[in-house]
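So the chains spell out like this:
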Amino acid sequence: MRVLLTGSAGFIGTAIGAALEAAGHEVVRVDMMLDKAHGATQAPAGTHRLDVRDAASWTSLLTGVDAVCHQAAVVGAGVAVADLPDYAGHNDLGTAALLAAMHVAGVDRLVLASSMVVYGEGRYTCAEHGDQAPPPRERAALDAGDFENHCPVCGADLAWALVDEDARLDPRSSYAVSKLAQEHYASAWVRQADASAVALRYHNVYGPGMPRDTPYSGVAAMFRSSLERGERPQVFEDGGQMRDFVHVDDVARANLAALQSVVADDPGRYAAYNVASGHPVAIREVAELVGAGVGGGVRPEVTGGYRLGDVRHVVASPELARTGLGFAAEVLPRDGLRAFATAPLRA
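Each value, and the rule that gives it
Residues numbered from 1 in each chain as written. Predicted model: local features only at pLDDT ≥ 70, side-chain atom pairs only at ≥ 80, totals over all residues. Heavy atoms only, no water. 1 Å grid on protein atoms, 1.4 Å probe; cavity = no way out; pocket = protein on both sides within 12 Å on 5 of 7 lines; lining within 4 Å. Points joined across faces, edges and corners; volume = space filled by probe spheres on them. Nonpolar A, V, L, I, M, F, W, Y, C, P; charged D, E, K, R; others polar. Axes fitted to C-alpha atoms, helices over the stretch in contact; angles between N-to-C directions. Helix = DSSP H or I, 4+ residues; strand = E, 2+ residues; numbered from the N terminus. Parallel < 35°, antiparallel > 145°, perpendicular 65-115°, else oblique. Left-handed = near helix turned anticlockwise from the far one by under 90°. Contact = heavy atoms within 4.5 Å. Expected span 1.5 Å × (residues − 1). Buried < 20%, exposed > 50% of the residue type's maximum accessible area, 1.4 Å probe, protein only. Pairing = 2+ DSSP bridges. Phe/Tyr/Trp six-rings, centres within 6.5 Å; stacked < 30°, edge-to-face > 60°. Lys NZ or Arg CZ within 6 Å of the ring centre and 35° of its normal.

Enquirer: When you look at the layout of surface pockets in this model, what are you seeing that I'm missing?
Expert: A water-sized probe, rolled over the atoms, reveals where empty space remains. The computed volume of the second largest pocket comes to approximately 250 Å³. In terms of lining, the second largest pocket is formed by 15 residues, of which the most central are Gly 122, Arg 123, Gln 132, Ala 167 and Arg 168. Per-class residue counts for the lining of the second largest pocket are six nonpolar, two polar and seven charged.

Enquirer: Just checking my understanding: could you explain the packing of helix H1 (residues 11-22) against helix H7 (residues 248-264) for this structure?
Expert: Packing of H1 against H7 leaves a shortest axis separation of 9 Å and a crossing angle of 60°. It follows that H1 is oblique to H7 by the angle criterion. Considering only the axes of H1 and H7, their crossing is right-handed. Between H1 and H7, the contacting residues are Phe 11, Ile 12, Ala 15, Ile 16, Ala 19 and Leu 20 on the first element and Val 248, Val 251, Ala 252, Asn 255, Leu 256 and Leu 259 on the second. Its residues assigned to classes, the contact of H1 with H7 comprises eleven nonpolar, one polar and no charged.

Enquirer: Got a minute to help me understand H1 in this structure?
Expert: Side chains that are three or four residues apart share a direction in an α-helix, a result of its 3.6 residues per turn. The end-to-end C-alpha distance of H1 is 17 Å, a good match for the 16 Å that twelve residues give at a rise of 1.5 Å each. Those residues of H1 that sit buried are Phe 11, Ile 12, Gly 13, Ala 15, Ile 16, Gly 17 and Leu 20. Residues of H1 that are buried sit in contact with strand E1 (2-6), strand E2 (26-31), strand E4 (67-70), strand E9 (196-202), strand E10 (204-206) and H7. In the segment just after H1, Gly 24 is the residue with positive phi, at about 90°.

Enquirer: Where do I start with the pairing of strand E6 (residues 123-126) in this structure?
Expert: Where a strand is regular, its side chains alternate between the two sheet faces. Residues Tyr 124 and Cys 126 line the buried face of E6, whereas the alternating positions Arg 123 and Thr 125 sit on a face that is not buried. Note that E6 and strand E8 (residues 159-161) share three bridges and pair antiparallel. Across the sheet, Arg 123 pairs through a bridge with Ala 161, a residue of E8. Between the antiparallel neighbours E6 and strand E7 (residues 130-132) lie three residues.

Enquirer: Even after reading the chapter, I still don't get the packing of aromatic side chains, so can you show me in this structure?
Expert: We describe a pair of aromatic rings using the distance from one ring centre to the other and the angle between the two ring planes. By the definition in use, this model includes three aromatic pairs. Relative to Phe 340, the ring of Tyr 206 has its centre 5.9 Å away and its plane inclined at 80°; by these criteria the two rings are edge-to-face. Of the two residues, Tyr 206 sits in strand E10 while Phe 340 sits in helix H10 (residues 333-340), which places them 134 residues apart along the sequence. Exposure class is identical for Tyr 206 and Phe 340. Each is buried. A network of ring pairs unites the aromatic residues Tyr 206, Phe 245 and Phe 340 as a single cluster. The cationic tip of Arg 224 hangs over the ring face of Phe 340; the distance from NZ or CZ to the ring centre is 5.8 Å.

This is the structure:
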């Protein structure tokens, strides 16, 4: 299979490219080399330094391509209003331009990197009143150290449950909105171009090659950086926020499975899948596991601080990816996060 891979020089793109080549596939690499993502503008050998927003000018690279694996995106928390044009331009316009160029070139198979942020809050249940959709948490409650979501009927703390792919989509940041827009563009393109696409909703990705101390760094990398400075990791809220952490090697494997699936699909199919380990972990435990990996078991400092707009719990069901793609993660967080403490990172 000949695959055009956007964002190929990034953390996840690098892992996907290596996995594709190891499986015997040919990879056409494209990356803009955005400074805040890479800290450098020199493209790696074999990489075309190109902007997906200008994909119409490089349709020749799509000649003979069987599928596109679209990883290029501006990522981050997306909490500053001033960042809105960057997210809309790179993520939404970039995806639309790429899809248009693919149609011109006759390429009708796509795997899209999406994110769990499209869900907003996760799924919640009340023991008495069943499934509930809580509103955003109020500042007054957070200031008082009340971090849980509450049942709007009885006021009891809500328990988290697994989110599946047909859950309500409720993006709560400019980044999240841009990822959902990418999915909508891909879905519309499938119908208009008689094509097929798979969107992979990544949960918290970590592993070797992750960038340190950039907007692209995840919380696990920030915990590790604190330890390297001789500081205790700082954990917001009470540390009980539940997440799913998935190793970058498993994310690469999910992309291979999705590419094989989408190439074999009949035209007109669009599907979205969670990419998760299937082993939920509290943020406090993430800090403890990374600390255990450096020896001495440095304990995190639970600060009680918070960020407005953060969600309390979001944990995915991996079942549809297992049945639909034949994908199941192999690296457990308790093993991968310990190993991550000493894995090489990108400067």
